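Each chain is listed here by its residues.
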Amino acid sequence: MWAYTVGFTVLPHVGGFLGWFINRKEIPVWYEKLKKPSWCPPRKIFPVAWTVLYTGMGYASYLIWNDLGGCSSKAIVPLGLYGAQLALNWAWPPSFFGARNLKMALIDILCLDGLVIGTICSWYRINTVATLLMVPYLGWLAMATCLTIRIWKDNPEQKPGKSE
């Protein structure tokens, strides 16, 4: 049974690592030049925060999967919402850093917020611990959403044909 625990716990890290790896060169080049609010966390905080958050949400998804008896019909909605929010979570870095599309990243994170809230609501009656493990993630997302909104508003996108 430990293999399932490890697998579910590690899964969120896979997309997070790939997102970082693919976009790592854009961070010092492009991201650092963006106008950001004074309350923007330092760059060094992000990998630490995401490691903790991905671990918590991954383990929480294992708890839900386990409590619902694996991939049963009861698990379709709770784990489907979780999978959908995880996909949007993984899609944000390529939109923001890779495509430098602040508007698309904003749409992504707003949809992500809704899916995380839906996930938490669907998990509440299944496992309280799993639900509580998602709360720090929701808090971080609230900050990340506000940060994305500010960056989008404060950094108008370049029109085609204009260079940086």
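Our subject in this report is the structure included herewith. Every chain is numbered on its own, with residues counted from 1 as its sequence reads. Two thresholds apply to this predicted model, a pLDDT of at least 70 for residue-level local features and 80 or more for giving and counting side-chain atom pairs, whereas whole-chain, interface and lining totals are computed over all residues. Side-chain measures were taken over the full set of non-hydrogen atoms in the model, leaving aside hydrogen atoms and water.

Right, let's talk about the packing of aromatic side chains for a bit. In this description, an aromatic ring pair is defined by two values, namely the gap between the centres and the angle between the planes. Stacked, tilted and edge-to-face are the three classes assigned to paired rings of Phe, Tyr and Trp, where Trp is represented by its six-membered ring and a pair needs centres within 6.5 Å; plane angles under 30 degrees give stacked, over 60 edge-to-face, the rest tilted. Across all of its chains, the model carries 17 aromatic pairs by this definition. Here Trp30 and Phe96 contribute two aromatic rings whose centre-to-centre distance is 5.3 Å and whose plane-to-plane angle is 65°, an arrangement assigned as edge-to-face. Pair noted here: Trp30 is in the loop between α2 (26-29) and α3 (45-67) and Phe96 is in helix α4 (residues 76-98), with a separation of 66 residues, a long-range link. When accessible area is computed with a 1.4 Å probe and restricted to protein chains, residues below 20% of their type maximum are described as buried, those above 50% as exposed, and intermediate ones as partly exposed. Among the residues examined, Trp30 registers a relative accessible area of 9% and is labelled buried. For Phe96, a relative accessible area of 1% corresponds to the buried category. With centroids separated by 5.6 Å and ring planes inclined at 75°, the aromatic side chains of Phe46 and Trp140 adopt a geometry described as edge-to-face. Placement of the pair is Phe46 in helix α3 and Trp140 in helix α6 (residues 128-154), with a sequence separation of 94 residues. What makes Trp140 buried here is its relative accessible area of 15%. Here the aromatic cluster, defined as three or more aromatic residues joined through ring pairs, consists of Tyr4, Phe8, Tyr59, Tyr62 and Trp65. Seen from the ring of Tyr31, Lys36 lies directly overhead, with NZ or CZ sitting 4.5 Å from the centre. Counting from the N terminus, the helices are the DSSP runs of H or I reaching at least four residues and the strands are the DSSP runs of E reaching at least two. Look at NZ for Lys and CZ for Arg. If either is within 6 Å of the ring centre and within 35 degrees of the ring normal, a charge sits over the ring.

Attention shifts here to the packing of α4 against helix α5 (residues 102-123). Here α4 crosses α5 at 160°, and the two axes come no closer than 8 Å. With respect to α5, the element α4 is oriented roughly antiparallel. For the pair α4 and α5, the sense of crossing is left-handed. All axes are obtained by fitting lines to C-alpha atoms, using only the stretch in contact for helices, and the reported angles, taken between N-to-C directions, cover 0 to 180 degrees. For classification purposes, an angle smaller than 35 degrees is called roughly parallel, one larger than 145 roughly antiparallel, one from 65 to 115 roughly perpendicular, and anything else oblique. Two helices that cross are described as forming a left-handed crossing if the nearer one is turned anticlockwise from the farther one by less than a right angle, and a right-handed crossing if clockwise.

Take the pattern of salt bridges next. In the sections that follow, a salt bridge refers to a side-chain nitrogen of Lys or Arg positioned within 4 Å of a carboxyl oxygen of Asp or Glu. One pass over the structure, following the stated rule, counts two salt bridges. Asp154 is the partner of Arg150 in a salt bridge, and the nearest nitrogen-oxygen pair spans 3.1 Å. Linking Arg150 with Asp154, this pair stays in helix α6, spanning four residues, or about one helical turn. What makes Asp154 partly exposed here is its relative accessible area of 23%.

Glancing now at the side chain of Asp108. Structurally, Asp108 is set in helix α5. Buried charged residue Asp108 carries no salt bridge. Nearest counter-charge: Lys103, at 15 Å. Throughout, a contact is declared for two residues whenever any of their heavy atoms are within 4.5 Å. Residue contacts for Asp108: discarding those within four places in its chain leaves Leu88, Ala91 and Trp92. Positive charge is attributed to Lys and Arg, negative charge to Asp and Glu, and no charge count is given to His or to the chain ends.

Our focus in this paragraph is the environment of Lys36. Among the secondary structure elements, Lys36 is positioned in the loop between α2 and α3. For the pair Lys36 and Trp152, spaced 116 residues apart in sequence, the C-alpha separation works out to 9.5 Å. With near-sequence residues (within four places) excluded, Lys36 lies in contact with Tyr31 and Ile151. A polar contact is formed between the side chain of Lys36 and the backbone oxygen of Leu34, at a distance of 3.1 Å. Throughout this description, a polar contact denotes any pair of N or O atoms lying within 3.5 Å of each other; where both atoms belong to protein, one of them has to be capable of donating a hydrogen while the other can accept it, and for residues adjacent in sequence the pair is counted only when both atoms sit in side chains.

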